[in-house]
Amino acid sequence: MFEAVKAAITGTSRLTSSEESRLVELKATVKRGISAWQAAAAALAEIRDKQLYRATHRTFSAFCESEFDLSERRIRQLTESWEIVQSLRPPVDMEAVAKAAANPPTIPPLDQLSDRAARELRPLPPAERLEALREAAAAATGSAPTAPQVREAVRRRTGKPV
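Predicted model only: the values in this text are computed from it and were never measured. (Residues numbered from 1 in each chain as written. Predicted model: local features only at pLDDT ≥ 70, side-chain atom pairs only at ≥ 80, totals over all residues. Heavy atoms only, no water.)

Caption draft 1: Geometry of helix H8 (residues 147–158). Its 12 residues place the ends of H8 16 Å apart at the C-alpha level, agreeing with the 16 Å of an ideal helix rising 1.5 Å per residue. Every buried residue of H8 is accounted for by Ala147, Val150, Ala153 and Val154. The buried residues of H8 occupy an angular sector of 125° when projected down its axis, which confines them to one face. Here the buried face of H8 lies against helix H6 (115–119) and helix H7 (126–140). (Helix = DSSP H or I, 4+ residues; strand = E, 2+ residues; numbered from the N terminus. Expected span 1.5 Å × (residues − 1). Buried < 20%, exposed > 50% of the residue type's maximum accessible area, 1.4 Å probe, protein only. Arc of directions from axis to C-beta. Contact = heavy atoms within 4.5 Å.)

Below is the structure:
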């Protein structure tokens, strides 16, 4: 009876065990896909920075269009988002890691952050980005924050609509 009332109020219904199993698989696929953009963006940045396209193309943009069917705008979005995420990762300081192990800070899972959500941090100075991301993660309740959640955290910090 309680389940029926809950379903009526929330608009939800129970899943069968096979549906629950499939949902677990699909969520894992989505999470892998979300983190895969970071690996792709890192590869693009390295190709660009080391000019590894120069044997076959005159420009990085032409290379990406030809090889990956990616527009210059999309390449810029991916690499910019990746650079923002990298700026959120602190340098590895083993002494600090040992101290933090006793009292770890709440840092959202950066590998699950979408490129769109990362780009929302762009208006903030690098020193403020991690704290804004923490605020957005608190609103996300246990998952990586969405772009609108990050945008709202940035808006609160800047006082301007983004």
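Still to come is the rest of the account.
Caption draft 2: Representation of the pattern of salt bridges. Taken as a whole, this structure holds 14 salt bridges when the rule is applied. Measuring nitrogen to oxygen at the nearest pair gives 3.3 Å for the salt bridge that ties Arg134 to Glu131. Residue Arg134 and its partner Glu131 are both found in helix H7; the two are separated by 3 residues, about one turn of the helix. Assessed through its relative accessible area of 25%, Arg134 is described here as partly exposed. Exposure remark for Glu131: the relative accessible area of 36% places this residue in the partly exposed category. Across the pair Glu152 and Arg156 runs a salt bridge, and its minimum N-O distance is 3.5 Å. Pair noted here: Glu152 and Arg156 are both in helix H8, with a separation of 4 residues, about one helical turn. On the basis of relative accessible area, Glu152 is assigned to the partly exposed category, the value being 31%. Judged by its relative accessible area of 45%, Arg156 is partly exposed. When salt bridges that share partners are traced, they join Glu128, Glu135, Glu152, Arg155, Arg156 and Arg157 into one network. (Salt bridge = Lys/Arg side-chain N within 4 Å of Asp/Glu carboxyl O.)

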